[in-house]
Amino acid sequence: MRRTLRKWSPFIAAAAVFALAPALSAQLTQYDLEPRSGMESHIGNITGHAKDAKADYRRFCVGCHGELGDGNGENFPWLDPKPRDFQLGIFKCRSTPTGTLPTDEDLSNTLARGLDRSNMPQWSNLTKQQRADLVAWVKHFSPRWVSEKPGTPIQIPAEPEVTPERIKAGRDVFAKVQCWKCHGVEGKADGPSAATLTDDQGRPILAFNFTEGARPKCGSTDQDLYKIFMTGLDGTPMPSFADNIKPDEAWDLVFYLKALEPQKSKEKAIAKQLGLKPVDPNAPPPSGQ
Amino acid sequence: MKSRYRRILSAVLSTVVLIGGGALILGQRVNAAGEGKITGSVKLNGAAPHMKGIDMSKDPYCAKAHATDPGHLETVVAGANGGLENVVLYISDGLSGSALTDVPTAVPVFDQKNCVYTPHVLAMDIGQKFKVVTSDQTAHNIHPNPNPMTGNIPWNQSQPPGAPPVEKSWKAAEVIPVQCNIHPWMHGWFVVVKGPYATTDSSGAYTINNVPPGSYTVTAWQEEYGTQTQKVTVAGGQSATADFTFKAK
């Protein structure tokens, strides 16, 4: 018996730590959440009702995100990246500026798309109504949706035609705002700061590697890429570049990023034809900035 | 872990002290005569702990900027006479009316210079505008990480060379850690308080201006040693003194 105990003691200790973890980090209780259970979401012409999502949440979400939405579900210890703490109301994938709440549609899109390279699957099998209800339920966990409105979505100008000039200009933007500090000069996520990145909870986090064919967590359309660096991914080291990249330059950067990806694309073909070299981190910063 | 409990304990104790103090002060009318001030100094008792050096070699720009003056942590900055720098002093109890609600029009500046935050600690009032600027020819991201439950919402903005200033304010009193993810050693604080405040200079001296006559609790906050409080009474147009000593550990 004693030997068994000794053998299992590290696990018992670990289990104790995990059992305590939710108690330590949950900031809100059932009593705080209850008054907000009338929360709604509005996506297109669909109205979601938090209360209607209770059963779906218990069935599909609670294992990771937890009863109180604090991300401390049963599976928490085994997940990396960790499930989102909905109580904080901080979301990576938004169409809205950094520091603001996402729109209901942003949340619904995340549900449908899933988060690549995480345990969050695609919930595209749920109906739009189910997703809208779940979005309302997700919102009811955070007091922010009572005191704040979602941010105003950023304006994305119509996508211009890809040209060699634009791809070259995109490379200059990549050099100027120093994307390579984390993402590396070739987009391999091996920049000088990549190894020390942590999320807002202090957990290690990886920069996106453009060269391995993975889908970015917040979507892989050209518009998604545009949004990612112009809004930033809140809760992560990825900042917003809205103040430092002009809308037209932003499209140039999107084209250059696509040229770094291994997928066949017009951008990649043009970059190859140009013989475009990776940016030089030791080059002096462009003058007149 | 131990220090965390100690911090929690001291927070609980100071709350008790504050509530007790508040009950005593309540009912006293604040005289609207000439405003006074609270001055004093904050000292460190004992030898200042060793501040680790920072290896900036991963960014040649930062390393070059510190070629002759190596960077080091700024958790405890003590002068030759034991004066503690970067201590924020504010009135945690006793303020009322406009002294509490007036927001200074001055815009304090938080600079990213030679890959270090200058100042290391920036104090400000709730709702007061402040500016984040960069003097560096390397990219930074300015990433304050408040607890959203307070009403302060985290944000994260890039500041590559030549970036325009970022102007912001905070909604609630909170000690907010600030970091740059690109340069993980860059760590500073936004200390958001309600009402008049001051930050100690390199000799540990401070002056809180614009304090109406009355009895107050003054709190001194130091990032490593936590908070201390003291009672002071300010007479019209006069200067009251509150000196603090933190024990080195």
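Treat the numbers as computed from the prediction; the structure is a model and nothing was measured. One numbering rule holds for all chains: residues counted from 1, following each sequence as written. The lettering of chains begins at A and the numbering of ligands begins at 1, in the order of writing. The model is predicted, so local features are restricted to residues of pLDDT at least 70 and side-chain atom pairs to those at 80 or more, both for listing and for counting; the totals for chains, interfaces and linings are taken over all residues. Hydrogens and water are ignored here; the side-chain numbers use all heavy atoms of the structure.

A. Inspection of the packing of helix α9 (residues 222–231) of chain A against helix α10 (residues 247–260) of chain A at higher detail. Residue and element names in this part refer to chain A. For helices, the axis comes from a line fit to the C-alpha atoms of the stretch in contact; other axes are also lines fit to C-alpha atoms, and the angle between any two N-to-C directions lies between 0 and 180 degrees. Numbering of helices and strands starts at the N terminus; helices are DSSP runs of H or I of at least 4 residues and strands are runs of E of at least 2. For the pair α9 and α10, interaxial distance at closest approach is 9 Å and the crossing angle is 115°. Here α9 runs over α10; the crossing is right-handed. For the pair α9 and α10, the contacting residues are D222, Q223, L225, Y226, F229 and M230 in the first and P247, A250, W251, L253, V254, L257 and K258 in the second. Ten residues, namely Ala, Val, Leu, Ile, Met, Phe, Trp, Tyr, Cys and Pro, are considered nonpolar, four, namely Asp, Glu, Lys and Arg, are considered charged, and the remaining ones, Gly among them, are considered polar. Of the residues contributing to the contact of α9 with α10, the split by class is 10 nonpolar, one polar and two charged. The hand of a helix crossing depends on one turn: near helix anticlockwise from the far one by less than a right angle means left-handed, and clockwise means right-handed. Residue contacts are counted whenever heavy atoms from the two residues lie within 4.5 Å of one another.

B. Structural detail: helix α5 (residues 128–140) of chain A. Residue and element names in this part refer to chain A. One less than the residue count of a helix, multiplied by 1.5 Å, gives the span that helix is expected to have. Between its first and last C-alpha, α5 extends 19 Å over 13 residues, near the 18 Å set by a 1.5 Å rise per residue. Counting buried positions along α5 gives 10 out of 13 residues, so the element sits mostly inside the fold. When α5 is considered as a whole, its buried residues turn out to be R131, A132, D133, L134, V135, A136, W137, V138, K139 and H140. Buried residues along α5 sit in contact with α2 (30–33), β1 (40–43), β2 (46–49), α3 (54–65), α4 (104–113) and α6 (144–147). Three exposure classes are used, based on accessible area relative to the maximum for each residue type with a 1.4 Å probe and protein chains only: buried under 20%, partly exposed in between, and exposed over 50%.

C. Local environment of the interface of chain B and chain A. Contacts between the two partners involve 30 residues from chain B and, on the opposite side, 33 residues from chain A. For the pair chain B and chain A, the two sides together bury roughly 2,500 Å², of which 53% comes from carbon and sulfur. The term buried area means the drop in 1.4 Å probe accessible area that two parts suffer when joined, counted for both and summed. When residues of chain B are sorted by the area they lose upon contact with chain A, M149(B), N156(B) and S158(B) head the list and together hold 22% of the total. A pairing counts as a salt bridge when a side-chain nitrogen of Lys or Arg comes within 4 Å of a carboxyl oxygen of Asp or Glu. At the boundary of chain B with chain A, the tally comes to one salt bridge.

D. Region of the structure containing the environment of A172(B). Residue and element names in this part refer to chain B. In this structure, A172 sits in the loop between β9 (166–168) and β10 (174–179). You can call A172 buried: its relative accessible area is 14%. Residues A172 and G127, 45 residues apart in the sequence, show an inter-C-alpha distance of 8.0 Å. Beyond its immediate stretch of four places on either side in the chain, A172 contacts I126, T150, N152 and V192.

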